[in-house]
Amino acid sequence: MDTVQYLDDTGRPLQALPLGPEELIQGYRALRRARHFDEKAVLLQRQGRLGVYPPFRGQEAAQVGVALCLRAEHDWLLPSYRETAAALTFGMPIHKLILSWRADPAGWGAPPGVNMVQFYIPIATQIPQAAGVAYAQRLLGKDAVAAVFIGDGGTSEGDFHEGLNFAAVFSAPLLVVVQNNGWAISVPTRKQMKVERIALRAQGYGIPGVVVDGNDLVAVWSVAKAAVERARRGEGPTLIEALTYRVAPHTTSDDPSRYRSEEEARRWEARDPIRRMKNCLLHLGLWSEEEEARLNEELEAEFEAELALADRAPEPRPWEIVEQVYQEMQPDQLAAWRYLRGEA
Ligand SMILES: Cc1ncc(C[n+]2csc(CCOP(=O)(O)OP(=O)(O)O)c2C)c(N)n1
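Parameters and conventions
- Residues numbered from 1 in each chain as written.
- Predicted model: local features only at pLDDT ≥ 70, side-chain atom pairs only at ≥ 80, totals over all residues.
- Heavy atoms only, no water.
- Phe/Tyr/Trp six-rings, centres within 6.5 Å; stacked < 30°, edge-to-face > 60°.
- Helix = DSSP H or I, 4+ residues; strand = E, 2+ residues; numbered from the N terminus.
- Buried < 20%, exposed > 50% of the residue type's maximum accessible area, 1.4 Å probe, protein only.
- Pairing = 2+ DSSP bridges.
- Contact = heavy atoms within 4.5 Å.
- Axes fitted to C-alpha atoms, helices over the stretch in contact; angles between N-to-C directions.
- Salt bridge = Lys/Arg side-chain N within 4 Å of Asp/Glu carboxyl O.

## Focus: the packing of aromatic side chains
Then step 1. Summed over all chains, the structure comprises 10 aromatic pairs.
Then step 2. Ring centres 5.1 Å apart and planes at 35° place the aromatic pair Trp101 and Phe119 in the tilted group. Pair noted here: Trp101 is in the loop between helix H4 (94-100) and helix H5 (126-139) and Phe119 is in the loop between H4 and H5, with a separation of 18 residues, a long-range link.
Then step 3. A residue is classified by how much of its surface remains accessible, and Trp101, at 9% relative accessible area, is buried.
Then step 4. Under the relative-accessibility criterion, Phe119 is labelled buried at 7%.
Then step 5. Aromatic side chains Tyr135 and Phe166 sit 5.8 Å apart centroid to centroid with 80° between the ring planes, which places their arrangement in the edge-to-face category. Taken as a pair, Tyr135 in helix H5 and Phe166 in helix H6 (residues 158-169) lie far apart in primary sequence, 31 residues in all.

## Considering the sheet that holds strand E3 (residues 146-151)
Then step 1. What the six strands build is an open sheet, ordered E1-E7-E8-E4-E3-E2; its pairing is parallel. Unpaired on one side and paired on the other, strand E1 (3-4) and strand E2 (76-78) mark the two borders of the sheet.
Then step 2. When E2 meets E3, the two strands line up parallel, connected through three bridges. Residue pairing for E3: Leu77 is matched across the bridge by Ala147.
Then step 3. Along the sheet, helix H8 (residues 217-232) makes contact with E1, strand E4 (174-180), strand E7 (209-213) and strand E8 (238-243), crossing E7 at roughly 155°.

## A closer look at the pairing of E7
Then step 1. One ladder, built from two bridges, connects E1 with E7; its direction is parallel. If you follow Val4 over to E7, its bridge partner there is Val212.
Then step 2. As judged from the five bridges shared by E7 and E8, these two strands associate in the parallel manner. Bridge pairing in E8 places Val212 opposite Ala242.

## Here's the deal with the pattern of salt bridges
Then step 1. All told, the structure shown has 24 salt bridges when counted by the stated rule.
Then step 2. Of the charged contacts in the structure, one is a salt bridge between Arg49 and Asp311, with a shortest N-O distance of 3.1 Å. Of the two residues, Arg49 sits in the loop between helix H1 (21-46) and helix H2 (60-67) while Asp311 sits in helix H11 (residues 289-312), which places them 262 residues apart along the sequence.
Then step 3. What makes Arg49 partly exposed here is its relative accessible area of 32%.
Then step 4. Where Glu235 meets Arg233, a salt bridge forms, and the shortest distance between an N and an O atom there is 2.8 Å.
Then step 5. Put simply, Asp9, Asp213, Arg271 and Arg276 are held in one network by salt bridges that share partners.

Written as structure tokens, this is what we have:
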């Protein structure tokens with residue numbers, strides 16, 4: 001299968017770009033904002049101010065390109081734990097994301113006007129749920145779409161296939177974005193499947209499958225745009241495979257040197273999505289080092305203000321741990337809740 005690509009590895013356009021100057025700059029700023037969050041989050045985790053955190057370094061374009069096609073108050077985003085960049089670009093406030101990765105219930109749930117479901121930690125359960133959310137939009141007579149993300153490893157799960165088949169059969173307005181980052185923790189993609197490309201599987205469900213250079217923001221954005229338009233027209237789901245790489249460890253608790261070569265990571269770092277996009281802008285005369293310095297200051301100030309907001313949030317109370325599972329607490333939860341409150 002051909003891979004959709006607009007920029008070469010250094011960021012030079014390979015063909016006429018389908019995005020205007022304003023969109024290109026908006027996209028670059030979103031990429032930088034995501035990277036800034038990720039770098040800060042890893043530092044906070046190292047200081048013990050964040051729980052276990054799954055970094056996305058290297059995967060910014062694959063997430064940001066999709067989120068930029070969606071309208072937060074109209075469409076739906078169902079991210080896995082890896083998609084903080086998508087959540088941020090979609091409209092989740094930074095302090096909420098910080099609290100979320102502190103496992104503080106105050107960070108869970110999206111504010112009004114941001115249709116995002118909390119990050120999924122179990123693998124692949126989000127796919128059938130996203131198919132349902134997307135189908136519900138049709139039943140409600142809206143032209144809203146749902147976008148769901150999964151990793152290459154997650155596509156080995158039954159839920160992936162069930163969800164895709166349901167979405168295909170019911171023409172649900174769904175984008176299924178597989179971030180193929182080469183690894184499911186320590187298991188390489190070649191041990192997850194016998195097909196060469198995950199996008200080939202789309203044929204088995206009777207829907208379009210597209211392979212895109214996941215480190216090329218222009219390519220991801222344009223592929224996602226086409227899939228969103230198709231879904232809004234009522235033509236059903238698209239399976240997008242974004243080829244990318246997890247430069248960072250699987251989580252802050254992982255040590256990738258135990259299973260992959262440093263040389264592999266270095267090869268991918270040379271294809272960094274942010275450097276490519278910056279070079280593209282410089283090449284087109286749309287960016288300067290002064291603007292870069294201003295952007296850095298802006299991002300730093302924004303993050304510091306949001307971090308202060310997160311730090312001011314009240315400590316979660318122990319009994320909240322059982323409060324948010326069911327609409328009504330079950331008898332054993334009620335007992336635990338009373339115990340934690342010191343009432344039993
Ligand atoms: C149902 C389920 N099984 C196992 C796990 C443990 N687990 C967490 S991440 C992971 C690997 C996922 O790899 P992939 O889908 O490629 O996503 P990536 O982390 O690379 O983005 C596994 C097996 C889980 N969270 N949920």
